[in-house]
Amino acid sequence: MRGSSNDPLVVRTVRSGLTESLDDATAVVVDADGRVLASWGDPDTPLYYRSAIKPIQASVSQELGAALVPEHLAVACSSHSGHPVHLEIVRAMLRSGGLTEADLGTPPSWPLAEAAKALLLSTGHRAPLPVYHNCSGKHAGFLLACVAQGWPVDTYRSPDHPLQRRVLATVAEATGQPVEPVGIDGCGAPTLRGSCRGLATAFAAMTVDRRFAEVASATSRFPSLVAGNERPDGRLGAWWGGPLKAGAEGLIGAARHGVGIAAKSRSGSSSVAVMAMIEVMRSMGLLSGAAIEALQDLATPPVLGGGDPVGSRTVDGSA
């Protein structure tokens, strides 16, 4: 893999010796001051941070009095898979503030993990619920912050709510970029504008700024609560040893020791984003040999034919 380039990283899918498709990703590596150490593609292309910025959002909830223990803070940072441990933590968070599932503003959903959905169906649950939504931990943190501050809980998703104004200001500070005008995320909360460079800068800040020390520790210690053991981002997080968070439309950020990394798939593919992230980490010497071996199936996923490998997906430096 080459060093910094104006060309994006390209994921090449080869089946039986023929290139079937190409997908590209932007990636950037920055230091704690936001200086670019390496990049591929344009790291300033506008995007929405979506769930990748949840650790910063959760840090605001914690600052405002959510008073979350580390495991609960990890779920506030999460796009959880909806396994029983995730759901019970969200419910415990709500109970700690005298809240109920009816206070959640997340839309009724099934868990992200098919196994978690199957378990619910097998135990008689027949309808999606707000608590199953992968963002319910973030929303529970938001609600606890509102309770602590005496702010209205019924309008906490509004971009004009004092909670969301604080979130906007903190994300702008952490990323070093303006974040408005905002959009609306799938969970109904505001989603903020930025870039890969901004996301990488925010993640670098998480590992050096004491303001974000709690979320950096929680996401590093409990990657299976932030995502799920079965998901590529959860598996990568377990080997990474620092904050790591994926977002919708193929966006992922990570950091360790003041170095932040972000990757974005142009097509919105989460697997492409994870592949790009692993390749950047590997090329920068940030992954151990054991991690590279354990994550090989994510870094170069096999292409199957009749259940057997007939090709692979690999990351090229450029098309």
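These numbers were taken from a predicted model, which means no experiment stands behind them.

Caption draft 1: Inspection of helix α7 (residues 196-206) at higher detail. Taking burial as the measure, the eleven residues of α7 include ten buried ones, the bulk of the element. When α7 is considered as a whole, its buried residues turn out to be Cys196, Gly198, Leu199, Ala200, Thr201, Ala202, Phe203, Ala204, Ala205 and Met206.

Caption draft 2: Main features of the packing of aromatic side chains. In total, this model carries two aromatic pairs according to the counting rule given. Ring centres of Trp110 and Tyr132 lie 6.0 Å apart, and the angle between their planes is 20°; this geometry places the pair in the stacked category. Taken together, the residues span a long stretch of sequence, with Trp110 in the loop between α3 (84-96) and α4 (114-122) and Tyr132 in the loop between α4 and α5 (136-149) at a distance of 22 residues. The residue whose ring lies beneath Arg256 is Trp240, and the NZ or CZ to ring-centre distance is 3.9 Å.

Caption draft 3: Spotlight on the nonpolar core. By size, the foremost hydrophobic cluster in this structure holds 62 residues, and its most contacted members are Tyr49, Ile56, Met93, Leu163, Val171 and Leu199. It is α7 that provides the largest number of residues to this core, a total of eight residues. Core analysis: the second largest hydrophobic core is formed by 30 residues, Ala38, Ala273, Ala291 and Ala299 among them.

Caption draft 4: Region of interest: the environment of Arg197. Its location among the elements puts Arg197 in helix α7. Sequence separation between Arg197 and Gly105 is 92 residues, and the spatial gap between their C-alpha atoms is 30 Å. Other than its neighbours up to four places away in sequence, Arg197 contacts Val28, Val30, Gly34, Val36, Pro43, Asp44 and Gln177.

Caption draft 5: The pattern of salt bridges, seen in detail. Under the criterion given, the structure shown has 15 salt bridges. Glu20 is the salt-bridge partner of Arg15, the closest N and O atoms lying 3.0 Å from each other. The network of salt bridges with shared partners includes Asp31, Asp33 and Arg35.

Caption draft 6: Fine view of the packing of α3 against α5. Remark: α3 packs on α5, axes separated minimally by 9 Å, with the N-to-C direction vectors making an angle of 10°. One element, α3, and the other, α5, form an angle in the roughly parallel class. Two secondary-structure elements touch here, α3 through Val90, Met93, Leu94 and Ser96 and α5 through Ser136, Gly137, Ala140, Gly141, Leu143 and Leu144. Taken together, the residues that form the contact of α3 with α5 break down as six nonpolar, four polar and no charged.

Caption draft 7: Seen up close, the packing of helix α1 (residues 54-66) against helix α8 (residues 213-221). The contact between α1 and α8 brings their axes to 9 Å, and the two run at 125°. Classified by the angle between their axes, α1 and α8 sit oblique to one another. Pair α1 / α8 crosses with right-handed handedness. Within the contact between the two elements, α1 uses Pro55, Ala58, Ser59 and Gln62 and α8 uses Glu214, Val215 and Thr219. A per-class count over the contact of α1 with α8 returns three nonpolar, three polar and one charged.

Caption draft 8: Molecular detail of the pairing of strand β12 (residues 308-316). Across six bridges, strand β1 (residues 9-15) lies against β12 in antiparallel orientation. In the strand pairing of β12, Arg12 is matched with Thr314. Relative to β12, strand β11 (residues 302-305) runs antiparallel, the two being bridged by four bridges. By the bridge assignment for β12, Leu304 is matched with Pro309. The antiparallel pairing of β11 with β12 creates a hairpin that spans two residues between the two strands, and Gly306 there sits at a positive phi of about 65°.

Cut-offs and rules
- Residues numbered from 1 in each chain as written.
- Predicted model: local features only at pLDDT ≥ 70, side-chain atom pairs only at ≥ 80, totals over all residues.
- Heavy atoms only, no water.
- Buried < 20%, exposed > 50% of the residue type's maximum accessible area, 1.4 Å probe, protein only.
- Helix = DSSP H or I, 4+ residues; strand = E, 2+ residues; numbered from the N terminus.
- Phe/Tyr/Trp six-rings, centres within 6.5 Å; stacked < 30°, edge-to-face > 60°.
- Lys NZ or Arg CZ within 6 Å of the ring centre and 35° of its normal.
- Core = buried A, V, L, I, M, F, W, Y, C linked by side-chain atoms within 4.5 Å.
- Contact = heavy atoms within 4.5 Å.
- Salt bridge = Lys/Arg side-chain N within 4 Å of Asp/Glu carboxyl O.
- Axes fitted to C-alpha atoms, helices over the stretch in contact; angles between N-to-C directions.
- Parallel < 35°, antiparallel > 145°, perpendicular 65-115°, else oblique.
- Nonpolar A, V, L, I, M, F, W, Y, C, P; charged D, E, K, R; others polar.
- Left-handed = near helix turned anticlockwise from the far one by under 90°.
- Pairing = 2+ DSSP bridges.

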